[in-house]
Amino acid sequence: MNVIEAIRKRRAYRSLDPVEISDDLIREFAELVQISPSCANQQPWNFIFIKEKEQLNRLFTVLSKGNKWVEKASMIIAIFSKPENDCIIGERYYYLFDTGMATTMLILRGTELGLVAHPIAGFKEEKAKEILEIPDEMRLITLVIIGKHSKEINPVLSDAMKLGEKERPPRKKLEDFVYLNKHGNKFYE
Ligand SMILES: Cc1cc2nc3c(=O)[nH]c(=O)nc-3n(C[C@H](O)[C@H](O)[C@H](O)COP(=O)(O)O)c2cc1C
């Protein structure tokens, strides 16, 4: 699969089947995020790969109500950082941007391997940090849910989520966010 295919194929699926998680897979993800770009090469990110059943079960207790589908995860990747880990230029804080870019590398590779790699923000941060023993000053930015896409739609999904398994949720029109040369000068009519 080339990059354009991985970008187009990536979906935030919520119906998951179990998949074997090898140490080689973890190593590969880790080595890909390691070479992601970051402001002044600050590499602000931290990753915890959680595959132990007991620890996964503990994390399932901190999910938001709509995220019950996560209970089918084979691995959860916890991604955390703090503002001081990266460039702060005036009011521009780069830790979220750079950590997000690194996370995308892992998500695209997961997609290429035929896995679902679905980032979520719907969890109780403080409780999750306690379970994972993440220091107080860190922001637990996202959990990436890893599994295999199931053809059986998970019955815990809402109707909107069930629809999302079949088709990609709608996007803004290109003319609403793409400009040429200056803001407001539309590239698309
Ligand atoms: C930062 C972030 C947080 C998200 N949080 C959740 C979440 O808590 N629960 C969920 O089911 N999906 C979550 N999603 C998935 C989005 O809903 C999904 O990416 C979006 O609807 C577009 O669908 P697509 O990725 O399949 O194109 C999140 C995605 C991102 C990037």
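Notes on the structure follow. In this text, all values refer to a predicted model and were calculated from it rather than measured experimentally.

Moving on to the pattern of salt bridges. Going through the model one piece at a time under the given rule, you end up with nine salt bridges. The shortest N-O distance in the salt bridge between Glu-137 and Lys-82 comes to 3.9 Å. One end of the pair, Glu-137, is in the loop between helix H5 (125-132) and strand E7 (139-149); the other, Lys-82, is in the loop between strand E3 (75-81) and strand E4 (88-89), and 55 residues separate them in sequence. A residue is classified by how much of its surface remains accessible, and Glu-137, at 43% relative accessible area, is partly exposed. According to the relative accessible area criterion, Lys-82 is buried, its value standing at 19%. Put simply, Lys-129 and Glu-126 hold a salt bridge, and the shortest N to O gap is 3.6 Å. In this pair, Lys-129 and Glu-126 are both assigned in helix H5, three residues apart and thus about one turn of the helix distant. The exposure class assigned to Lys-129 is buried, which follows from its relative accessible area of 2%. Glu-126 gets classed as partly exposed once you look at its relative accessible area, which sits at 45%.

This part covers the packing of aromatic side chains. Counted under the stated rule, the structure contains three aromatic pairs. Aromatic pair Tyr-94 and Phe-97: ring centres 6.3 Å apart, planes at 90°, arrangement edge-to-face. Aromatic side chains Phe-187 and Tyr-188 sit 5.0 Å apart centroid to centroid with 85° between the ring planes, which places their arrangement in the edge-to-face category. Above the face of the Tyr-13 ring, Arg-11 is positioned so that its terminal group lies 4.9 Å from the ring centre.

With 18 residues, helix H4 (residues 95-112) extends 26 Å from end C-alpha to end C-alpha; this agrees with the ideal 26 Å at 1.5 Å per step. Of the residues making up H4, those classed as buried are Tyr-95, Asp-98, Thr-99, Ala-102, Thr-103, Leu-106, Ile-107, Leu-108, Gly-110 and Thr-111.

It is worth spelling out the site of the ligand at this point. Near the ligand you find 15 residues, and of these Arg-11, Ala-12, Arg-14, Asn-67 and Arg-171 are the closest. At a separation of 2.8 Å, an oxygen atom of the ligand approaches a polar side-chain atom of Arg-10. Arg-14 places a side-chain nitrogen or oxygen 2.6 Å from an oxygen atom of the ligand. With the chains in place, 67% of the 620 Å² that the ligand exposes on its own is no longer accessible. Of the residues in the shell around the ligand, the class split is seven nonpolar, three polar and five charged.

Among all positions in H5, only Ala-128, Lys-129, Ile-131 and Leu-132 are buried. Angularly, the buried residues of H5 cover 160° about the axis, an arc narrow enough to put them on a single face. Residues of H5 that are buried make contact with strand E2 (46-50), helix H3 (53-60), E3 and E7. Following H5 by one or two positions, Glu-133 adopts a phi angle in the positive range, close to 60°.

Conventions and cut-offs
- Residues numbered from 1 in each chain as written.
- Predicted model: local features only at pLDDT ≥ 70, side-chain atom pairs only at ≥ 80, totals over all residues.
- Heavy atoms only, no water.
- Salt bridge = Lys/Arg side-chain N within 4 Å of Asp/Glu carboxyl O.
- Helix = DSSP H or I, 4+ residues; strand = E, 2+ residues; numbered from the N terminus.
- Buried < 20%, exposed > 50% of the residue type's maximum accessible area, 1.4 Å probe, protein only.
- Phe/Tyr/Trp six-rings, centres within 6.5 Å; stacked < 30°, edge-to-face > 60°.
- Lys NZ or Arg CZ within 6 Å of the ring centre and 35° of its normal.
- Expected span 1.5 Å × (residues − 1).
- Near = heavy atom within 4 Å.
- Polar contact = N/O pair within 3.5 Å; in protein donor to acceptor, adjacent residues only side chain to side chain.
- Areas by Shrake-Rupley, 256 points an atom, 1.4 Å probe, with all protein chains shown as cover.
- Nonpolar A, V, L, I, M, F, W, Y, C, P; charged D, E, K, R; others polar.
- Arc of directions from axis to C-beta.
- Contact = heavy atoms within 4.5 Å.

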